[in-house]
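Geometric and topological summary
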Amino acid sequence: MTTQKRPLVLVSNRGPVTFDDDGGFKRGTGGLVTALTGLASHREVVWIASALTAGDARRAQEADGQSFDVEAGGDGEFQVRLVESDPDAYDRFYNIFANPMLWFIQHYLWDLSNAPDVRRHEIEAFEFGYNVVNEDLAKAVVEEIDGVDEPVVMVHDYHLYTLPALVRRARPDAFLHHFVHIPWTQPDAWRVLPRGVRTEIYEGLLANDIIGFHTRSYRWNFLQCCRDLLENVEVDFDAGVVRFEDREVWVRAYPLPIDAQAIRRTAQSERVAEFEAELLRRRREHLVLRVDRADLSKNVLRGFTAFDLFLEQHPEFREKITFVAQLMPSRTDVPEYAEYLERIEAIVAVVNHRHGTPDWMPIQLKLKDDLEDAVAAYKNYDVLLVNAMFDGMNLVAKEGPMVNERHGVSILSENTGAHEELGEFALSVNPFDIQELADSIHAALTMSPAERQRRAQGLQQIITSRNPGDWIDDQIADIRKKAGVEA
């Protein structure tokens, strides 16, 4: 499948590297990049992505819009093609339609009694933003596979739902695979979108040969959506197949693992040791940790409210515990996110004022994106809090237990993708039940050493049972199977 006859093309909004004004580059951020880096560095692929910075645009221009090689040190060598879109179109694509419109739909974030109001502004963002960027990337894909028999194209995430139909129209022989890295919600959530927009999105996705999700529940939701929201489709829930036009579309679940060895290597680095020394110097008897983007879906406010309730109901823990929250500011040019960050800072101030003493601050808030700092905290938490309202997978829930040295207890929202795999050995919580969350913090801190060890070992066994290579291989195997090609 990945020989020269059938080359592999990856396409996503964010690429593996981001260039600065001086021509240097750094690795792209986010779970998607992490997931795909291993594939791109070990197989013959071309990775097509949007040019996100002025440095990206300049590098794309230097390559005359064609693909070029990037030597990324420990991550290997990539063949990358960066695609420039009109800045106004990209702004509409990213900041109006993809975020927040699709992101909010797929995380149940809309307060439907108040928002959204879908006006011409949003429709034009789809027509002249989302579709334009999808067309730009689709054109690059079609050019890249020109003259190649039966190419394989792997499309990633919610930014590119209409791209597959464009590629299918130009190259009916292409094998198209689409992996969605965020949750897939139930049919009613999608009724927010005007029918024409919604239909275009679904028909774009159904131009693929295989559609992948992290969990069985997201897969089931997608099948329900096809049945309830579309006409002229046949849905086979048992087989996970949607029959659309004259094709069969396979719908599958591929849970994303982490690279356990990589996170362990990071845990042994000198920079982690420096952060760890400072953390141990300041730590109290107990440490609660969360590491997240400051995204509405992560449910940060309820996490702090639950900790406030825990301290109120269990005053014996005052001055003996610290809640370290490392949050990466996210999408601050979207008004809802800027407001959310302000609310996070405000509630931290309230909790610290209510419970703190002159030499003790209950919550330590770090607004930063620093992997080594996070890993230093991973090694030393007693409780890891992952209480997202809804989350595609949540890799923090897998990274933390891999390097923790204290048999720390995981508190895990039942609405995360990771819960489908890890729920047996975590304390499961309803992310909206603040009392349950406060009780779970207390249960974790008072759990017997033997039970903590049993749960920690169970988590590690599950997390290490698969690696990112397995995730890719499972998808490649299905591509081979459906395409009728021998492995």
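Per chain, residues are indexed from 1 in the order of the written sequence. Confidence filtering applies because this is a predicted model: local features only for residues at pLDDT of at least 70, side-chain atom pairs given and counted only at 80 or more, and all residues used for totals across whole chains, interfaces and linings. Working from all heavy atoms in the structure, the side-chain values ignore hydrogens and water.

Looking at the side chain of N13
As a reminder of what qualifies: Helix and strand labels come from DSSP, where a helix needs a run of H or I of at least four residues and a strand needs a run of E of at least two; each type is numbered from the N terminus. Any residue under 20% of the maximum accessible area for its type is buried, any over 50% is exposed, and the rest in between are partly exposed; the area is computed with a 1.4 Å probe on protein chains only. Whether two residues touch is decided by their heavy atoms; if any such pair falls within 4.5 Å, the residues are in contact.
Considering the arrangement of structural elements, one finds N13 in the loop between β1 (8-12) and β2 (17-19). In this structure N13 comes out as buried when scored by relative accessible area, which is 4%. N13 has contacts with A49, S50, L52, Y90, F93, Y94, H159 and L160, leaving out every residue within four places of it along the chain.

As for the confidence of the model for the protein chain
What counts, and what does not: Note: pLDDT gives the predictor's confidence per residue, expressed from 0 to 100.
Of the residues in the protein chain, 94% reach a pLDDT of 70 or more, and the chain-wide mean stands at 93. In this model, residues 1-5 is a region of pLDDT below 50 whose contacts with residues beyond four sequence positions or in other chains number 12 contacts.

Regarding the sheet that holds strand β16 (residues 383-386)
As a reminder of what qualifies: A pair of strands is considered paired only if DSSP assigns at least 2 bridges between the two. Helix axes use the C-alpha atoms of the stretch in contact, all axes being lines fitted to C-alpha atoms, and the angles between their N-to-C directions lie in the range 0 to 180 degrees.
Judged by pairing direction, the sheet is parallel, and its six strands sit side by side in the order β15-β14-β13-β16-β17-β18 without closing on themselves. The sheet terminates laterally at β15 (363-367) and β18 (427-429), the two strands that pair on one side only. Between one strand axis and the next, the sheet turns by 20° as a mean value, whatever way the strands run. Of the pairings in the sheet, the one linking strand β13 (residues 286-293) to strand β14 (residues 321-328) comprises eight bridges and is parallel in character. In the sheet register, H286 faces β14, and the bridge partner there is I321. Those strands touched by helix α12 (residues 335-355) are β14 and β15, and its axis lies near 155° from that of β15.

Here's the deal with the pairing of strand β7 (residues 152-156)
Burial analysis of β7 places five of its five residues in the buried class, which makes it a mostly covered element. Burial of the side chains of β7 extends over both faces: V152, M154 and H156 are buried on one face and V153 and V155 on the other. Note: β7 against strand β8 (residues 175-179), five bridges, orientation parallel. Of the residues in β8, the one forming a bridge with H156 is F179.

Quick notes on the nonpolar core
This is how it is decided: Among the buried residues, those of types Ala, Val, Leu, Ile, Met, Phe, Trp, Tyr and Cys that are joined through side-chain atoms within 4.5 Å form a nonpolar core.
Core analysis: the largest hydrophobic core is formed by 104 residues, its most contacted members being F97, Y161, W184, W190, Y202 and F222. Once residues within four sequence positions are removed from consideration, W190 is found in contact with L102, I105, Q106, Y161, W184, T185, R198, Y202, C225 and L229. In terms of nonpolar packing, the next biggest core, distinct from the first, is built from 60 residues, V45, L82, M154 and L395 among them.

Things to note about the environment of H286
Relative to the helices and strands, H286 resides in strand β13. Expressed as a C-alpha distance, the spacing of H286 and A239, which sit 47 residues apart in the sequence, is 48 Å. In contact with H286, other than residues within four places in its own chain, are F317, K320, I321, T322, D382 and L445.

Details of the pattern of salt bridges
Where we set the bar: For this analysis, a salt bridge means a side-chain nitrogen from Lys or Arg found within 4 Å of a carboxyl oxygen belonging to Asp or Glu.
A full pass over the atoms with the stated rule returns 34 salt bridges. In this structure, the salt-bridge partner of D209 is R168, at a minimum N-O distance of 2.8 Å. Taken together, the positions of D209 in the loop between α7 (195-205) and β9 (210-213) and R168 in helix α5 (residues 163-170) put the pair 41 residues apart, joining distant regions of the chain. As far as the burial class goes, D209 and R168 line up, both buried. Of the charged contacts in the structure, one is a salt bridge between K398 and E421, with a shortest N-O distance of 2.8 Å. Here K398 is found in helix α14 (residues 396-403), whereas its partner E421 is found in helix α15 (residues 419-422), with 23 residues between them in sequence. Relative accessible area serves as the criterion here: at 3%, K398 is assigned to the buried category.

Some thoughts on the packing of aromatic side chains
We count it as follows: Stacked, edge-to-face and tilted are the three classes for Phe, Tyr and Trp ring pairs, Trp counted by its six-membered ring, which pair at centre distances within 6.5 Å; planes under 30 degrees apart are stacked, over 60 edge-to-face, the rest tilted. Charge-over-ring contacts are defined here by two conditions on Lys NZ or Arg CZ: a distance within 6 Å of the ring centre and an angle within 35 degrees of the ring normal.
Within this structure, the stated rule accounts for 28 aromatic pairs. What links up through ring pairs into an aromatic cluster is the set Y90, F93, Y94, F97, F126 and Y130. Between the NZ or CZ atom of R59 and the centre of the ring of F68, over which it lies, the distance is 4.0 Å. Over the aromatic face of W103 sits the side chain of R331, whose NZ or CZ is 4.2 Å from the ring centroid.

Some points on the packing of helix α4 (residues 120-144) against α5
Working note: a packed helix pair is described by the angle between its axes plus the distance between those axes. The following threshold applies: Each crossing gets its handedness from the near helix: less than a right angle anticlockwise from the far helix is left-handed, clockwise is right-handed. As a working rule, the residues Ala, Val, Leu, Ile, Met, Phe, Trp, Tyr, Cys and Pro are called nonpolar, Asp, Glu, Lys and Arg charged, and the rest polar, with Gly in that last group.
Two numbers describe how α4 lies on α5: the axes approach to 9 Å, and their chain directions differ by 40°. As for how α4 packs across α5, the hand of that crossing is right-handed. Contact residues: α4 offers N134, E135, L137, A138, V141 and V142, while α5 offers L163, L166, V167 and A170. Split by residue class, the contact of α4 with α5 holds eight nonpolar, one polar and one charged.

A short note on helix α9 (residues 260-267)
For clarity, the threshold we go by: The arc in question is the one traced by the directions running from the helix axis out to the C-beta atoms.
Every buried residue belonging to α9 is among A260, I263, T266 and A267, and all of these are buried. For α9, the angular spread of the buried residues around the axis is 125°, confining them to a single face. Next to the buried residues of α9 lie α10 (270-282), α13 (371-378) and α14.

A look at the sheet that holds strand β11 (residues 241-244)
Ordered in space as β5-β6-β4-β1-β7-β8-β9-β12-β11-β10, the 10 strands form an open sheet in which the pairing is mixed. In the strand order of this sheet, the two ends are held by β5 (68-71) and β10 (233-236), each with one partner. Adjacent strand axes in the sheet meet at a mean angle of 25°, parallel and antiparallel pairs treated alike. Note: β9 against strand β12 (residues 247-253), four bridges, orientation parallel. In the strand pairing of β12, F213 is matched with A253. Against the sheet, helix α8 (residues 216-229) engages β9, β10, β11 and β12, with an angle of about 150° to β12.

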